[in-house]
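# Breakdown of the fold
Each chain, written out:
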Amino acid sequence: MDQLLEMAGVLNGVVWGPFVLIPLLLITGVYLTVRLQLLQFTKLGHALWLAFVRRKETAEGSEGDISHYQALSTALAATIGVGNIAGVGLAIGVGGPGALFWMWVTGVFGMATKYSEALLGVKYRTTDEKGEQAGGPMFYLRRGLPGRLGMFLGGAFAVFGAIAAFGIGNGTQANAVADSINNVTGIDQWIIGAVLMVLTAVVLIGGIKGIGRVAAAVVPVMILGFIIMNLLVLAANYDQILPSFGLVFQSAFTGTSAIGGFAGAGLMFMIRQGVSRGIFSNESGLGTGAIAAAAAKTNQPVRQALVSMTQTFIDTIIMLTLTAMMIITTGVWYSDEAAGAEGSAKGVLLTTNAMEIGLGSISPLLGAFAPVFVAIAVAIFAYTTILGWSYYGERCVVYLAGRKLVLPYRVVFVLVVFVGATASLDAVWLFSDIANGLMALPNLIGLLLLSPVIVAETRRFFAHPDWRNPDVVMDDLDKGPGVDGVDGVESK
């Protein structure tokens, strides 16, 4: 096991090192941002309106299984999980405040990446044997790229995605729930794991429609509650907000010197922490958001792409920033208190300590409630992430072997929830990082190769005089040349 972990550490260092995934993520995000003419800034207002005000399409020809809002909620459910509590805490705790800057970088440019993934996910989606929409990187890589290249990249993504779902979307989440609740209540982890397993199984019976309904009901409440608690802590430490932002920018390009119990982080280590934890949280570049987007009821890929883009904005620019600033302004990031903890436990402890200190300065009662609130937040965030990733993994299995393996996959996935909650998973974060990287590689290569399709589809949509009206069918958009894949594959 020690040798395996050592080999995994070497592989993780290569995948997330300075010559593979980090530059590819940044290059892809910057390139798509330029090609799309800063779309994530200029169209963000309309995207938020579509996602949270309009919420669904009623135009004729809008095929799909769930609404815009439910697709966004499913994607948010899968992304806003332990990464927003444990991941950001871990990144700041071991990488220093400058890691937040690199999370912002992944978020800002990741919005263009997420937009592109969702556009292609809807454009190249197909219908499976059950009549449900099936889409995502495995489909747009296979259908959009010529010959064996598309087949290889699509197959690689599906294999890594089906495996990664047990780590990033299951084991780490269930383990964090069990640890967090056990620390607060003392309830045995096997009991927590059993309850979580049953709750997961009940929702998975309903498939994507069941997941979409649960996500649409739970996600807004959990996001709003977490934002309010973070804002209360920042209000209590308002005088530290500007100095903390200064520290973030100051250390973003220099690393962080040793302060108190903090051992200090080298520049490359800090960048790696910021980028990898940012991707772990918002999943821009992984391609998973395209799987949820492909299920949305829409007749225009660009509309759902705009909605999906807001997922990264909410997750990184709002949620991660608030949590990171809470940790930095309270000063717990360089304390010795979390030094003995590892992995998700360290991140959760830092976030809990920050909230406890911040709320405690307002009221001792609020401070005492902080650990309970964080435990509840971890449980809800992780549970909805498990639901979202079950669908992602299932779609990968459908691509590889058809619907005959859906039920066995769901059974194994549910059982892993219990295993994740009860087993010691110190190495799960390491293997999750590797799996994330291996998923991202074929997806990012495909996005770069399919960028002409993304740009052509986007320009044609925004050239239409009625693009702001989601009730307009806009059939003429489907009749121009150069919109289908580079090999001429038709997609409906």
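Before reading further, recall that the structure is shown in the block above.
Residues numbered from 1 in each chain as written. Predicted model: local features only at pLDDT ≥ 70, side-chain atom pairs only at ≥ 80, totals over all residues. Heavy atoms only, no water.

## A few points about the packing of aromatic side chains
Tallied over the entire structure, the rule returns 17 aromatic pairs. When the centroid spacing of 4.8 Å and the interplanar angle of 80° are considered together, the rings of Phe-462 and Trp-467 count as edge-to-face. Accessibility assignment for this pair places Phe-462 and Trp-467 in one class, buried. Site record: aromatic cluster; members linked through ring pairs are Phe-101, Trp-102, Trp-104, Phe-245, Phe-249 and Phe-253. Sitting above the plane of the Phe-462 ring, Lys-43 keeps its charged end 4.7 Å from the centroid. The ring of Tyr-124 has Lys-123 sitting right over it, with the charged end atom 5.7 Å from the ring centre. (Phe/Tyr/Trp six-rings, centres within 6.5 Å; stacked < 30°, edge-to-face > 60°. Buried < 20%, exposed > 50% of the residue type's maximum accessible area, 1.4 Å probe, protein only. Lys NZ or Arg CZ within 6 Å of the ring centre and 35° of its normal.)

## Side note on helix H9 (residues 147-164)
Compared with the 26 Å implied by 1.5 Å per residue over 18 residues, the 26 Å span of H9 between its first and last C-alpha is a close match. Listed in full, the buried residues belonging to H9 are Gly-150, Leu-153, Gly-154, Gly-155, Ala-156, Phe-157, Ala-158, Gly-161, Ala-162 and Ala-164. (Helix = DSSP H or I, 4+ residues; strand = E, 2+ residues; numbered from the N terminus. Expected span 1.5 Å × (residues − 1).)

## Some points on the packing of helix H8 (residues 137-144) against H9
Between H8 and H9, the shortest axis-to-axis distance is 7 Å and the interhelical angle comes to 175°. As the angle between them shows, H8 and H9 are arranged roughly antiparallel. Together, Pro-137, Met-138, Leu-141 and Arg-142 of H8 and Gly-147, Gly-150, Met-151, Leu-153, Gly-154, Phe-157 and Ala-158 of H9 make up the contact between the two elements. Grouping the amino acids of the contact of H8 with H9 by side-chain chemistry returns seven nonpolar, three polar and one charged. (Axes fitted to C-alpha atoms, helices over the stretch in contact; angles between N-to-C directions. Parallel < 35°, antiparallel > 145°, perpendicular 65-115°, else oblique. Contact = heavy atoms within 4.5 Å. Nonpolar A, V, L, I, M, F, W, Y, C, P; charged D, E, K, R; others polar.)

## Topic: helix H16 (residues 301-330)
In a regular helix each residue adds 1.5 Å, so 30 residues correspond to 44 Å; H16 covers 43 Å between its end C-alpha atoms and thus fits that length. The largest bend along H16 reaches roughly 30° and is located at Leu-320. Counting buried positions along H16 yields 28 of 30 residues, so the element is predominantly enclosed. One or two steps after H16, the chain reaches Gly-331, where phi turns positive at roughly 80°. (Bend = angle between axes of the 7 residues up to and from the residue.)

## Side note on the pattern of salt bridges
Across all of its chains, the model carries three salt bridges by this definition. Across the pair Lys-123 and Glu-457 runs a salt bridge whose closest N-O atoms are separated by 3.5 Å. You can see Lys-123 sitting in helix H7 (residues 98-123) and its partner Glu-457 sitting in helix H21 (residues 451-463), a full 334 residues away along the chain. In this structure, Lys-123 and Glu-457 share a single accessibility class: buried. Salt-bridge contacts for Glu-394 lead to Arg-395; the nearest nitrogen and oxygen are separated by 3.8 Å. (Salt bridge = Lys/Arg side-chain N within 4 Å of Asp/Glu carboxyl O.)

## What to know about a nonpolar patch on the surface
A surface patch of nonpolar side chains, about 340 Å² in accessible area, is lined by Val-184, Phe-369, Val-372, Ile-376 and Ile-380. By residue number, the principal contributor to the nonpolar patch is helix H18 (residues 364-401), which donates four residues. Summarising the element assignment, Ile-380 is placed in helix H18. Judged by relative accessible area, which is 31%, Ile-380 ranks as partly exposed. (Patch = residues over 30% accessible without salt bridge, like charges linked within 9 Å, V, L, I, M, F, W, Y side chains within 5 Å. Areas by Shrake-Rupley, 256 points an atom, 1.4 Å probe, with all protein chains shown as cover.)

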